Amino acid sequence: SCAGGRARPDGMGRGSELSRTRDGHCGAVGRDPASIRRAHALVVDDPASVEIARRSLRAGFTDFLLVPVTALAPGGDLLAGVGQAATLMNELRTLG
């Protein structure tokens, strides 16, 4: 979901395509594709993260790793990054 260091809502295309391919392989061997958790990272200080999560959920992703990229950079404020992650988590909970 990232390109050039920033997330893009339309950047999940390849991940969604691979997810559909995996679904097909699961079906071929009789496994329920929903039994496999699908996850990827979300950048907590990126305003596109909620829309990326929304599209990812529709594509079958179930879990997100919240990464405070700016806070982890040299001179970053980790406490602020944790706060941003908490705020994003609350927004994600409203998505279903």
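Please read all numbers here as calculations on a predicted model, not as lab measurements.

Chemist: Let's hear about the overall build of the protein chain: which residues, and what values?
Modeler: Along its length, the protein chain carries four helices and four strands. Going residue by residue from the N terminus, the α and β elements of the protein chain occur as β-β-α-β-α-β-α-α. The 96 residues of the protein chain split such that 28% are buried. Considering only contacts in the protein chain between residues 6 or more positions apart, those separated by 24 or more positions represent 58%.

Chemist: Tell me about helix 4 (residues 78-93), and please be specific about residues and values.
Modeler: For an α-helix, 3.6 residues make a turn, and residues three or four places apart therefore share a direction. Helix length check: helix 4, at 16 residues, gives a terminal C-alpha distance of 22 Å against a target of 22 Å (1.5 Å per residue), a fit within 8%. Burial in helix 4 covers these residues: G81, A85, L88 and L92. All buried residues of helix 4 project into a common sector of 70° when viewed along the axis, lining one side. The exposed set on the far side of helix 4, more than 90 degrees from its buried face, consists of L79 and R93. Buried positions along helix 4 lie against strand 3 (39-43), helix 2 (49-58), strand 4 (63-67) and helix 3 (69-72). Capping the start of helix 4, D77 holds a side-chain oxygen 3.2 Å from the backbone nitrogen of L79, two or three residues further along.

Chemist: Can you break down the pairing of strand 4 residue by residue, with the values?
Modeler: As paired elements, strand 3 and strand 4 share five bridges and run parallel to each other. Bridging from a neighbouring strand, L42 pairs with L66 of strand 4. As a crossover connection, the stretch from strand 3 through helix 2 into strand 4 is right-handed.

Chemist: Can you lay out a nonpolar patch on the surface for me, pointing to particular residues and giving the numbers?
Modeler: Taken together, L72, L78 and V82 make up a surface patch of nonpolar side chains, about 290 Å² in accessible area. With a relative accessible area of 49%, V82 lands in the partly exposed category.

Chemist: Give me the environment of A41: which residues, what numbers.
Modeler: If you trace the backbone, A41 turns up in strand 3. The sequence separation of A41 and L66 amounts to 25 residues, and the corresponding C-alpha distance is 5.8 Å.

Chemist: Which residues make up the environment of L88, and what values do they have?
Modeler: Along the polypeptide, L88 turns up in helix 4. Sequence spacing of L88 and V43 is 45 residues, and the spatial spacing of their C-alpha atoms is 9.5 Å.

Chemist: Which residues make up helix 2, and what values do they have?
Modeler: Within the sequence span of helix 2, burial applies to S49, V50, I52, A53 and S56. Down the axis, helix 2 shows its buried residues gathered within 160° of arc, on one side only. Directly beyond the C-terminal end of helix 2, a positive phi value near 105° is found at G60.

Chemist: Can you lay out the nonpolar core for me, pointing to particular residues and giving the numbers?
Modeler: In this structure, L42, V44, A48, V50, I52, A53, A85, L88 and L92 together form the largest nonpolar core, which totals nine residues. Elements with a contribution of two residues or more to this core: helix 2 and helix 4. The contacts of A85, once residues within four sequence positions are left out, are V44 and L66.

Rules used throughout
- Residues numbered from 1 in each chain as written.
- Predicted model: local features only at pLDDT ≥ 70, side-chain atom pairs only at ≥ 80, totals over all residues.
- Heavy atoms only, no water.
- Helix = DSSP H or I, 4+ residues; strand = E, 2+ residues; numbered from the N terminus.
- Buried < 20%, exposed > 50% of the residue type's maximum accessible area, 1.4 Å probe, protein only.
- Contact = heavy atoms within 4.5 Å.
- Expected span 1.5 Å × (residues − 1).
- Arc of directions from axis to C-beta.
- Polar contact = N/O pair within 3.5 Å; in protein donor to acceptor, adjacent residues only side chain to side chain.
- Pairing = 2+ DSSP bridges.
- Right-handed = clockwise from strand over helix to strand, strands pointing away.
- Patch = residues over 30% accessible without salt bridge, like charges linked within 9 Å, V, L, I, M, F, W, Y side chains within 5 Å.
- Areas by Shrake-Rupley, 256 points an atom, 1.4 Å probe, with all protein chains shown as cover.
- Salt bridge = Lys/Arg side-chain N within 4 Å of Asp/Glu carboxyl O.
- Core = buried A, V, L, I, M, F, W, Y, C linked by side-chain atoms within 4.5 Å.

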